[in-house]
Amino acid sequence: MPSASIDYSRANAILNYDTEVSKLEGQDGVISTPFGLSILEIQGELNIPTEPPASDHTDAEYVLNFITVDQVYHAVKCGNLEFDAADPKKATLFIGKSQRLLGSVVNLETPLAVLKVPLGGSSEQEENTQIQMVDIIRNKIIFKQRPLPIM
Amino acid sequence: MSYSVYQQISYPENHTYKFLQLPPDLLDHVKNNKDGQLLIKSSPLDHDRTDGNSNSHLVVCTNDKTWKLRQMNHSNTVMLMNNMNVNKLGTEVSKPGPNQLLGFALGSYEYELSKSTGQLDISGLPRYPGPQAQGMSYHELLQNTPISKREFEQKWFDLGGCEIDNQVYILTESYITEVLHHIITTLISQQFDYKSQEGNLDELYAMAQSQEHNPTAIQTIIHKFALVTNETFKLDNSKISRWFGKQTLEASRIISVPDFLVNWKSSLPEFYNVPLDLSDLKGYYFRSGNSIGYVDPMKLSTSLPFRFEQLFYLDKSWAYDEIVPLIENFVPVGKKIDSVIIKYAKKKRVGKNSFVVTPRS
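Since the structure is predicted, the reported quantities are computational estimates derived from the model, not experimental observations. (Residues numbered from 1 in each chain as written. Chains lettered and ligands numbered in written order. Predicted model: local features only at pLDDT ≥ 70, side-chain atom pairs only at ≥ 80, totals over all residues. Heavy atoms only, no water.)

Peer 1: Can you break down the pattern of salt bridges residue by residue, with the values?
Peer 2: All names here are of chain B. Enumeration according to the criterion identifies 9 salt bridges over all chains in this entry. Among the ionic pairs, Lys282 bridges to Asp321, the shortest N-O distance being 3.1 Å. Here Asp321 lies in helix H11 (residues 320–327) and Lys282 lies in the loop between helix H9 (257–267) and strand S14 (285–288), a separation of 39 residues in the sequence. By relative accessible area, which is 28% here, Lys282 ends up partly exposed. (Salt bridge = Lys/Arg side-chain N within 4 Å of Asp/Glu carboxyl O. Helix = DSSP H or I, 4+ residues; strand = E, 2+ residues; numbered from the N terminus. Buried < 20%, exposed > 50% of the residue type's maximum accessible area, 1.4 Å probe, protein only.)

Now the structure itself:
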């Protein structure tokens, strides 16, 4: 790859608010960009299943944690994120029934561009094989502390 | 307010997501240049090296700026979330509900950018005049060089680069000297006032072609030694005299200063009378008593302690302003040049405003 072009037309539009994107209201506006993206960072490893449950899995409650995305991909519920009513920048992430993490929404020192990078072997059209800058994120929800038990 | 947090455990195979830090000037570029260019470039020339000195790296370039790209790994879990209340990505989930955050990518690193001037490595390029080569064109070289287009253009002519029959070459110093000599001699024979007059570029190219010089080589040489606009050029006489001085110095061994000045003067084209000042050649000579000798800064070590050692081998006592040009490009960012000199040498006052630099022992 001697040279690859980054298409940043969408990031340009987002920065200039000249498309359908507009500033979000309420808590969505605190955590997400107008395009709807956020970064959630946990200082540690998040242990989640790597496979969806088999069709004959007997634990119905466990199976309920799984959803499908765009009818093809699988996702699992990691927990619930709750924000303090008094301070919308304070967050608690409840994981399962026994752990909670305390965190906050912080500004990033340097804004982060989100690049959508095509992987080799793509059979899509030429325009979809270009690197795209899809959004620019200026803050993140960070959980720095050790997990606390849920009493 | 509460959100349900989901994380994908299987991902599309045709694309992935990465994070790129945006320094303020790059952010400005993205905001203010709707149709501008943004490139990630690498240097395949470096991949091909077999001497183990691969200096390969990635850069991000706009049309006129370059940033070096570094992958910064971390051990945190970083989830890129799509707020399904907004969902501009148009994702569909099997159990839609209020306030869902869907993690659709995980990042174990981000790309950090630091300002760079870009690099243009000409060491592998063929020389002109020389054997005919079959390699890269100008456009291909630009694509394959980790530097922005504007910075490339600025360095290209200065390094003596030119394109002949879709092949890039670097003009040899002797050829540059010979053609420059011809150009100035011809201009003077045509009553051209080299000190102040602006010349017409087309006329210059036509004149050079009649003397069987390659027009693209002339273009390189005139860009290297003149201030060029779209149609005109104005000679940079101090740069020209410095070029001839450097060539004369390089051709001499150790030579007395008066003899060198005579040789320098006689190397210039006839009737080309420009002031000669030895201080214009700082960074290319060392003194030995009343004589001077040529120092090739490209052949000195790039490691500061060894560089000082090599310089003190040539001369045990350097005038401060003569040693500075030979080391200033190697001073670490954020350090003052004097602190580097004091670390590897001694700085002594020898007059009201003059200093010498000598070895520590």
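Peer 1: A description of the nonpolar core should follow, citing residues and the corresponding values.
Peer 2: Counting 43 residues, the largest nonpolar core has B:Phe233 and B:Leu235 as its most contacted members. If you tally residues by element for this core, the top one is helix H5 (residues 173–189) of chain B, at 8 residues. Contacts of B:Leu235, omitting those with residues within four sequence positions, involve B:Leu187, B:Phe192, B:Tyr194, B:Ile222, B:Phe225, B:Ala226 and B:Ile240. Counting residues in hydrophobic clusters, the runner-up holds 24 residues, among them A:Val117, A:Ile136, B:Val30 and B:Leu69. (Core = buried A, V, L, I, M, F, W, Y, C linked by side-chain atoms within 4.5 Å. Contact = heavy atoms within 4.5 Å.)

Peer 1: Describe the domain arrangement of chain B, and please don't skip the residues or the numbers.
Peer 2: The domain architecture assigned to chain B consists of domain 1 (4–116), domain 2 (127–235) and domain 3 (295–361). Here domain 1 of chain B and domain 3 of chain B have C-alpha centroids that lie 43 Å from each other. (Domains from an automatic or database assignment.)

Peer 1: Residues and numbers for the interface of chain A and chain B, please.
Peer 2: The interface of chain A with chain B comprises 76 residues on the first partner and 65 residues on the second. Together chain A and chain B conceal approximately 6000 Å² of surface at their shared face, both sides included; 60% is due to carbon and sulfur atoms. Contact with chain B buries surface across chain A, with A:Tyr8, A:Leu40 and A:Ile67 losing the most and accounting together for 11% of the total. Run the count over chain A and chain B and you get 0 salt bridges. The tally of links from chain A across to chain B stands at 34 residue pairs in polar contact (both at pLDDT 80 or more). Only strand S1 (3–7), helix H1 (9–16), helix H2 (26–31), strand S2 (37–42), strand S3 (66–69), strand S4 (73–83), strand S6 (99–118) and strand S7 (131–143) of chain A provide two or more residues apiece to the side of chain A that touches chain B. (Buried area = accessible area lost by both parts, 1.4 Å probe. Polar contact = N/O pair within 3.5 Å; in protein donor to acceptor, adjacent residues only side chain to side chain.)

Peer 1: Now, about the sheet that holds strand S13 (residues 255–256) of chain B: what can you tell me, with residues and values included?
Peer 2: Residue and element names in this part refer to chain B. Within the open sheet, the 3 strands sit side by side as S13-S15-S14. Their pairing is antiparallel. Every other strand in the sheet has two partners, leaving S13 and S14 as the edge strands with one partner each. Relative to strand S15 (residues 291–294), S14 runs antiparallel, the two being bridged by 4 bridges. Paired with Tyr285 across the two strands is Tyr294, which belongs to S15. (Pairing = 2+ DSSP bridges.)

Peer 1: Now, about the packing of aromatic side chains: what can you tell me, with residues and values included?
Peer 2: Residue and element names in this part refer to chain B. Applying the stated criterion across every chain yields a total of 16 aromatic pairs over all chains. Relative to Tyr111, the ring of Tyr109 lies with its centre 5.5 Å away and its plane at 55 degrees, an arrangement referred to as tilted. Seen from their ring centres, Phe152 and Trp156 are 5.6 Å apart, and the 15 degrees between their planes marks the pair as stacked. Of this pair, Phe152 and Trp156 both sit in helix H4 (residues 149–158), separated by 4 residues, roughly a single helical turn. Here Phe152 matches Trp156 in class, with each residue buried. Its end group placed over the ring of Phe355, Lys347 keeps NZ or CZ at 4.4 Å from the ring centre. (Phe/Tyr/Trp six-rings, centres within 6.5 Å; stacked < 30°, edge-to-face > 60°. Lys NZ or Arg CZ within 6 Å of the ring centre and 35° of its normal.)

Peer 1: How would you explain the pairing of strand S12 (residues 232–235) of chain B if you had to name every residue and give the values?
Peer 2: All names here are of chain B. Burial along S12 is one-sided: Phe233 and Leu235 are buried, and none of Thr232 and Lys234, which face the opposite way, are. In this structure, strand S10 (residues 199–200) lies alongside S12, joined through 2 bridges in antiparallel fashion. Residue pairing for S12: Asn200 is matched across the bridge by Thr232. Pairing between strand S11 (residues 226–228) and S12: 3 bridges, direction antiparallel. Bridging across to S12, Ala226 finds its partner in Leu235. In this structure, the hairpin formed by S11 and S12 is closed by a connection of 3 residues.

Peer 1: Please set out the confidence of the model for chain B residue by residue, giving values where relevant.
Peer 2: Low pLDDT marks stretches whose predicted atomic positions should not be read closely. Confidence along chain B averages 89 in pLDDT terms, with 96% of residues attaining 70 or more. If you check the scores for this complex, the pTM reads 0.80 and the ipTM reads 0.91. (pLDDT = per-residue confidence, 0-100.)

Peer 1: Explain unusual backbone geometry to me, and be specific about the residues and the numbers.
Peer 2: Residues and elements named next belong to chain B. The omega angle of the peptide bond from Tyr128 to Pro129 is 0 degrees, so this bond is cis rather than trans. Mapped onto the elements, Pro129 comes out in the loop between strand S7 (127–128) and helix H3 (138–143). Phi at Asn99 is positive, roughly 50 degrees, even though this residue is not glycine. By the secondary structure assignment, Asn99 is in the loop between strand S5 (66–83) and strand S6 (100–116). Residue classification places Asn99 among the buried positions, given a relative accessible area of 17%. Despite not being glycine, Asp165 has its phi angle at roughly 50 degrees, a positive value. Mapped onto the elements of the fold, Asp165 is located in the loop between strand S8 (161–164) and strand S9 (167–171).

Peer 1: Could you give an account of the layout of surface pockets, with specific residues and numbers?
Peer 2: Of the volumes computed, that of the largest pocket is approximately 1900 Å³. Where the lining of the largest pocket is concerned, the elements lending two or more residues are helix H2 (44–47), H4, S9, H5, helix H7 (215–225), helix H8 (237–251) and H11 of chain B. A total of 5 residues in the lining of the largest pocket trace back to one element, the largest contributor, which is H8(B). Counted by class, the lining of the largest pocket contains 19 nonpolar, 14 polar and 17 charged residues. Every residue lining the second largest pocket is counted, 28 residues in all, and those nearest its centre are A:Lys77, A:Cys78, A:Gly79, A:Ile95 and A:Gly96. Elements with a minimum of two residues in the lining of the second largest pocket: helix H3 (60–63), S4, strand S5 (90–95) and S6 of chain A. The greatest single-element share of the lining of the second largest pocket, amounting to 5 residues, is contributed by S4(A). (1 Å grid on protein atoms, 1.4 Å probe; cavity = no way out; pocket = protein on both sides within 12 Å on 5 of 7 lines; lining within 4 Å. Points joined across faces, edges and corners; volume = space filled by probe spheres on them. Nonpolar A, V, L, I, M, F, W, Y, C, P; charged D, E, K, R; others polar.)

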